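# Architecture at a glance
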Amino acid sequence: MSTNRRELAEKLRALHEGTLVLPNAWDAASAALIARAGAPAIATTSGGVAWSAGRPDGHGLTRAEMAALVARIVRVVDVPVTADIEGGYDDVAATVRAVVEAGAVGINLEDSTAPGGPLFDVPAQAGRVRAAREAATAAGLPELWINTRTDVHLFGIGAPEGRLDDVLTRAGAYAAAGADSLFVPGLVDLETLEVLVQESPLPVNVMVWPGAPTVAELAAVGVRRISVGTAIAQAAYAVAQRAAAELLEHGTYTALTSGLDFGTVNSAVTG
């Protein structure tokens, strides 16, 4: 493992000492431009990555295809890259080895068995986290940051009044298995997050969208990592559809006026 790779892994770890804000990328160009905008690290979004390849989210890509995309992103940025590996495909250890080889220094690992649930039970998911940690260590990157995602809130698993306790039980087990942080998409209620932050053994990551609390509000209750999932990719694709519709229906081009100039995009991916 190169010294630079381990230095990037340590840099990603250090970034979690404050509140790390991650605008998610879906291909090499989006990653390069997000880094140019000032992002201190790049996180991929599995949905955007799959869509860019003409596949649906939810393991729509193969492990090899996903890892190849990560490698393309690593090539064009000089900041740490953390890869969304969804549920780890059919072999978490093999997937971790593949993305470490591709240059990632962090991962997201879900505890849902499929989009919408159900979830792996706690011992099973803890075992998968442990397998990820062992694979990273064996691959020469024991510093790999494992952001373990629980979909209790995203998919509305169980009775609402029991979800916080479920998340905390999972946080404890995942921490003991080697996770570094806890990702709880679907939860943006500040009062609940404040309790979770205080009681979780792991730093907490949330996913935001228009209408969610601001970065400052989330940081104030102790959230340590904030990401946007597929939202930026969705916004970019909305521009593509809106501009095409305007061109085809009206023969005008106003939707294109806010686009980046050619040189800006081209230089971002020019080695």
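Overview of the structure. (Residues numbered from 1 in each chain as written. Predicted model: local features only at pLDDT ≥ 70, side-chain atom pairs only at ≥ 80, totals over all residues. Heavy atoms only, no water.)

### Examining the environment of E191
The residue E191 is located in helix α8 (residues 190-199) in this model. With 21 residues separating them in the primary sequence, E191 and A212 have C-alpha atoms 13 Å apart. (Helix = DSSP H or I, 4+ residues; strand = E, 2+ residues; numbered from the N terminus.)

### Thoughts on the sheet that holds strand β4 (residues 106-110)
Across the sheet, eight strands lie side by side as β1-β8-β7-β6-β5-β4-β3-β2; this open sheet has parallel pairing. Of all the strands in the sheet, just β1 (20-22) and β2 (42-43) have a single pairing partner and so form its edges. Of the strand pairs in this sheet, strand β7 (residues 204-207) and strand β8 (residues 225-227) are connected by three bridges, and their pairing is parallel. The partner of M207 across the bridge, within β8, is S227. The sheet strands contacting helix α6 (residues 122-138) are β4 and β5 (145-149), and the helix crosses β4 at an angle near 160 degrees. (Pairing = 2+ DSSP bridges. Contact = heavy atoms within 4.5 Å. Axes fitted to C-alpha atoms, helices over the stretch in contact; angles between N-to-C directions.)

### Some words on the nonpolar core
Core analysis: the largest hydrophobic core is formed by 73 residues, its most contacted members being I42, V77, V96, I107, L193 and L196. When residues in this core are grouped by element, the largest group, six residues, is from helix α5 (residues 92-102). (Core = buried A, V, L, I, M, F, W, Y, C linked by side-chain atoms within 4.5 Å. Buried < 20%, exposed > 50% of the residue type's maximum accessible area, 1.4 Å probe, protein only.)

### Focus: the pattern of salt bridges
One pass over the structure, following the stated rule, counts nine salt bridges. Measuring nitrogen to oxygen at the nearest pair gives 3.3 Å for the salt bridge that ties D111 to R170. Note that D111 is positioned in the loop between β4 and α6 and R170 in helix α7 (residues 163-177), a separation of 59 residues in sequence. Across this residue pair, the class does not change: D111 and R170 are buried. Close ionic contact of R170 with D166 constitutes a salt bridge, the shortest N to O distance being 3.1 Å. Taken together, the positions of R170 and D166, both in helix α7 and four residues apart, correspond to about one turn of that helix. (Salt bridge = Lys/Arg side-chain N within 4 Å of Asp/Glu carboxyl O.)

### Side note on the packing of α7 against α8
A pair of packed helices can be characterised by two numbers: the angle between their axes and the separation between those axes. Remark: α7 packs on α8, axes separated minimally by 11 Å, with the N-to-C direction vectors making an angle of 25 degrees. Put simply, α7 runs roughly parallel to α8. Here α7 runs over α8; the crossing is right-handed. The segment α7 lies against α8, with L164, V167 and L168 engaging T192, V195, L196 and E199. Class assignment for the residues of the contact of α7 with α8 results in five nonpolar, one polar and one charged. (Parallel < 35°, antiparallel > 145°, perpendicular 65-115°, else oblique. Left-handed = near helix turned anticlockwise from the far one by under 90°. Nonpolar A, V, L, I, M, F, W, Y, C, P; charged D, E, K, R; others polar.)

### Description of helix α2 (residues 28-36)
Of all the positions in α2, only A28, S30, A31, A32, I34 and A35 are classed as buried. For α2, the secondary structure elements touched by its buried residues are β2, α4 (63-76) and α11 (262-268). Capping the start of α2, D27 holds a side-chain oxygen 3.4 Å from the backbone nitrogen of A29, two or three residues further along. Immediately beyond the C-terminal end of α2, within one or two residues, lies G38, with a positive phi of roughly 115 degrees. (Polar contact = N/O pair within 3.5 Å; in protein donor to acceptor, adjacent residues only side chain to side chain.)

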